[in-house]
Amino acid sequence: MSQDSLQHSRLPDLSDVWHETLGWQPDAGHLLEFQTLYDRIVDANTQFNLTRIVEAEEFWEKHLWDSLRGVSCVLRGEVFPEGDAEKYRAIDIGTGAGFPGFPLAIARPDIEVTLLDSTHKKVNFLQQLAEELGMENIKTMTARAEEVGRKNSDRESYDLALARAVGPASVCLEYALPLLKIGGMAILYRGHWTEEETEKLSTTAAQLGGVISTVEAFTTPLTRGVRNCLYLSKIKPTPAQFPRAVGLPKQKPL
Ligand code: SAM
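Thresholds, definitions, all that
- Residues numbered from 1 in each chain as written.
- Predicted model: local features only at pLDDT ≥ 70, side-chain atom pairs only at ≥ 80, totals over all residues.
- Heavy atoms only, no water.
- Helix = DSSP H or I, 4+ residues; strand = E, 2+ residues; numbered from the N terminus.
- Expected span 1.5 Å × (residues − 1).
- Buried < 20%, exposed > 50% of the residue type's maximum accessible area, 1.4 Å probe, protein only.
- Polar contact = N/O pair within 3.5 Å; in protein donor to acceptor, adjacent residues only side chain to side chain.
- Near = heavy atom within 4 Å.
- Areas by Shrake-Rupley, 256 points an atom, 1.4 Å probe, with all protein chains shown as cover.
- Nonpolar A, V, L, I, M, F, W, Y, C, P; charged D, E, K, R; others polar.
- Contact = heavy atoms within 4.5 Å.
- Phe/Tyr/Trp six-rings, centres within 6.5 Å; stacked < 30°, edge-to-face > 60°.
- Lys NZ or Arg CZ within 6 Å of the ring centre and 35° of its normal.

1. So, helix α3 (residues 56–70)
Between its terminal C-alpha atoms α3 stretches 20 Å, which fits the 21 Å expected from 15 residues at 1.5 Å a residue. Of all the 15 residues making up α3, 12 are buried; the element is thus mostly covered by neighbouring parts of the structure. Those residues of α3 that fall on the buried side of the exposure criterion are A56, F59, W60, E61, H63, L64, W65, D66, S67, L68, R69 and G70. Where α3 begins, one side-chain oxygen reaches toward the backbone nitrogen of E57, 3.2 Å away; that side chain belongs to E55.

Encoded structure:
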């Protein structure tokens, strides 16, 4: 099927749900950009594998809503408030089809969001889409998180690091914490999560200069899926040996 002949479904209009569950309401401009993000992902998915979630309602819940639920404290301005003199920088590690970073960049155009992935095709797609939407707050990078965390230009230079579905939590932390400034925040998106896991991850976080501040459990609004988001603060510099060489965090998790 050619791209031109694809019929796009409309994303569901669930304005009450946004407000009730996130305490934040997208405006007409946000909704238009969410729809374009959806349309372009559906189109691109016919060329290469970006995501298995392409049905409109499922996309709304599992990609858009889920991405924004994790950063709802940012949307509400409880952290990194709009209008601060500082220009905040976020990085989405292993962004894939752009989640959760792209929706964050749409919702908070004042935050510079770097979308990082090791797959060039995905990053190229996201770069083109950001250009089409005129989103100057999106930067893209094709690289491994382990390499980026060792580069002077990026190490300890971000205020916010996000990781969703990129690997075990300790691996995500080894990618994320080296990239954060002291005082920065990491958000790990998880499914099921237990107190024992929090306890175990606390040791890894301490090793990397971080501390777990909150674990928020919630259910998705349409299908009642279980989710947890882990919020961590960077409290001291990450030791120079982290992140370890490419591949090692996954092969030998801390
Ligand atoms: N975060 C997206 C989401 O939640 O839909 C994509 C998740 S996808 C399952 C994992 C992505 O992480 C893939 O696109 C993969 O290329 C990327 N990835 C895995 N390890 C990585 C690494 N070390 N550095 C950069 N990207 C990585």
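Now that the structure is up, let's keep going.
2. A short note on unusual backbone geometry
That bond from F99 to P100 is cis: its omega, 5°, falls within 30 degrees of zero. If you trace the backbone, P100 turns up in the loop between β1 (89–93) and α5 (101–107). Along the chain, F242 connects to P243 via a cis peptide bond; the corresponding omega equals -5°. Residue position: P243 is located in the loop between β7 (226–234) and α10 (248–251). Of note in the backbone geometry, F80 takes a positive phi value of approximately 50° without being a glycine. By the element assignment, F80 lies in the loop between α4 (72–75) and β1. Since its relative accessible area comes to 11%, F80 is described here as buried.

3. Topic: the site of the ligand
Close contacts around the ligand come from 18 residues, with G94, F99, D117, K122 and R164 the closest. Within the side chain of D117, one N or O atom sits 2.7 Å away from an oxygen atom of the ligand. In the complex, 81% of the free accessible area of the ligand, which totals 600 Å², lies under the protein chains. By residue class, the composition of the shell around the ligand is six nonpolar, six polar and six charged.

4. Remarks on the side chain of S67
Its place among the elements puts S67 in helix α3. In this structure S67 comes out as buried when scored by relative accessible area, which is 0%. Among the polar contacts made by the side chain of S67, one reaches the main-chain carbonyl oxygen of H63 at a distance of 2.6 Å. Aside from chain neighbours lying at most four places away, what touches S67 is F99, P100, P103, R164 and Y189.

5. Side note on the packing of aromatic side chains
Following the criterion strictly, the structure yields seven aromatic pairs and no others. Centroid distance W18 to W24: 6.0 Å. Interplanar angle 90°. Geometry classified as edge-to-face. Both residues of the pair, W18 and W24, belong to the buried class. By the ring-pair criterion, three or more aromatic residues cluster together here, those being W18, W24, F34 and W60. Positioned above the aromatic ring of F218 is the side chain of R69, whose terminal nitrogen or guanidinium carbon lies 4.2 Å from the ring centre.

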